[in-house]
Amino acid sequence: MMMQLRLGIVGLGFRSPFVKHWHRNQKGTYSLLLQKASHDIDVIHMLTGSYVQKVAAFGDVDFYQDEANFEADNLEHQTDWPIDVEDNNVVIMQLANGVKASYLQNHFTPDYQRNYVIIGTKGRMENDELNGTITIKTRQTDALADKSDITIQMKPTEGSHAGADPKITQAFVDYILRDIEPDPTPWDGRMSVAVGVEATKSLRSGGGVRDVSQEKP
């Protein structure tokens, strides 16, 4: 099946704890395409069943170059930790199975959510994290009517980190006590990190296409 996947993550800007202090400098985090986007690239790999093969990216410090924006977000002046990590990034990806994906990361928007859009041969699926819904439109949907064929209400989650921490803890306990191996592998983690590294190299060298090594040692 042909598929196109678009993933966007938007955040509360450098006011959020994640990017308020040492994360904002390359000597502390290298890039938010590594520190933050590796989780999102994990999702892309999971949804597509394939790994990114080629990547190109653009990004810059566009918003916080302006001193007024810096002060408006109540950022502390830390002369030894200046902002040199990109506050917005755009990445395009070619996966090994032919799927094309794009990724947008922005750290000065007023809202915070992950937005997934999956386009295949039969239709389109999109989530609305803020309202907890998933909408599906087939190619027979009346686009002008702005209606969906199916609307799914996402189940509420319990526990910290949007319900993820209890699941991670349980997976660890299952592996240690019951010898049940988790679905993700160390290689999955390596591949997501590799994409973030190569995307950062691309955006800091003019946006050229870079290969993501698929070879295992």
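The following paragraphs examine the structure supplied in this document. Just so we're clear, the structure is a prediction, and the values are computed from it rather than from any experiment.

Reading the values: the criteria
- Residues numbered from 1 in each chain as written.
- Predicted model: local features only at pLDDT ≥ 70, side-chain atom pairs only at ≥ 80, totals over all residues.
- Heavy atoms only, no water.
- 1 Å grid on protein atoms, 1.4 Å probe; cavity = no way out; pocket = protein on both sides within 12 Å on 5 of 7 lines; lining within 4 Å.
- Points joined across faces, edges and corners; volume = space filled by probe spheres on them.
- Helix = DSSP H or I, 4+ residues; strand = E, 2+ residues; numbered from the N terminus.
- Nonpolar A, V, L, I, M, F, W, Y, C, P; charged D, E, K, R; others polar.
- Axes fitted to C-alpha atoms, helices over the stretch in contact; angles between N-to-C directions.
- Parallel < 35°, antiparallel > 145°, perpendicular 65-115°, else oblique.
- Left-handed = near helix turned anticlockwise from the far one by under 90°.
- Contact = heavy atoms within 4.5 Å.
- Buried < 20%, exposed > 50% of the residue type's maximum accessible area, 1.4 Å probe, protein only.
- Expected span 1.5 Å × (residues − 1).

1. Concerning the layout of surface pockets
Here comes step 1: Approximately 1,900 Å³ is the volume found for the largest pocket.
Here comes step 2: Residue lining of the largest pocket: 41 residues in total, with His39, Val43, Met46, Tyr116 and Ala164 positioned closest to the centre.
Here comes step 3: Only helix H3 (37-48), strand E5 (113-120), strand E6 (123-128), helix H5 (164-178) and helix H6 (186-203) provide two or more residues apiece to the lining of the largest pocket.
Here comes step 4: For the lining of the largest pocket, the per-class residue count stands at 20 nonpolar, nine polar and 12 charged.

2. Regarding the packing of H3 against H6
Here comes step 1: One way to put it is that H3 packs onto H6 with a least axis distance of 9 Å and a crossing angle of 120°. Here H6 runs oblique to H3, going by the angle between their axes. The way H3 lies across H6 gives a crossing that is right-handed. Of the residues in H6, those touching H3 at Ser38, Ile41, Asp42 and His45 are Asp188, Met191, Ser192, Val195 and Gly196.

3. Here's the deal with the environment of Gln4
Here comes step 1: Its location among the elements puts Gln4 in strand E1 (residues 3-10).
Here comes step 2: Classification of Gln4 as partly exposed rests on a relative accessible area of 46%.
Here comes step 3: Those residues within four positions of Gln4 in sequence are excluded, and the remaining contacts are Lys100, Val117, Ile118 and Ile119.

4. Considerations on the environment of Asp111
Here comes step 1: In this fold, Asp111 is placed in the loop between strand E4 (100-106) and E5.
Here comes step 2: Measuring from C-alpha to C-alpha, the distance between Asp111 and Leu130 comes to 9.0 Å, with 19 residues separating the pair along the chain.

5. What about H3?
Here comes step 1: Taking 1.5 Å as the rise per residue, H3 with 12 residues should run 16 Å; its terminal C-alpha atoms sit 16 Å apart, in good agreement.
Here comes step 2: Gly49, located one to two residues past H3, shows a positive phi value of around 70°.

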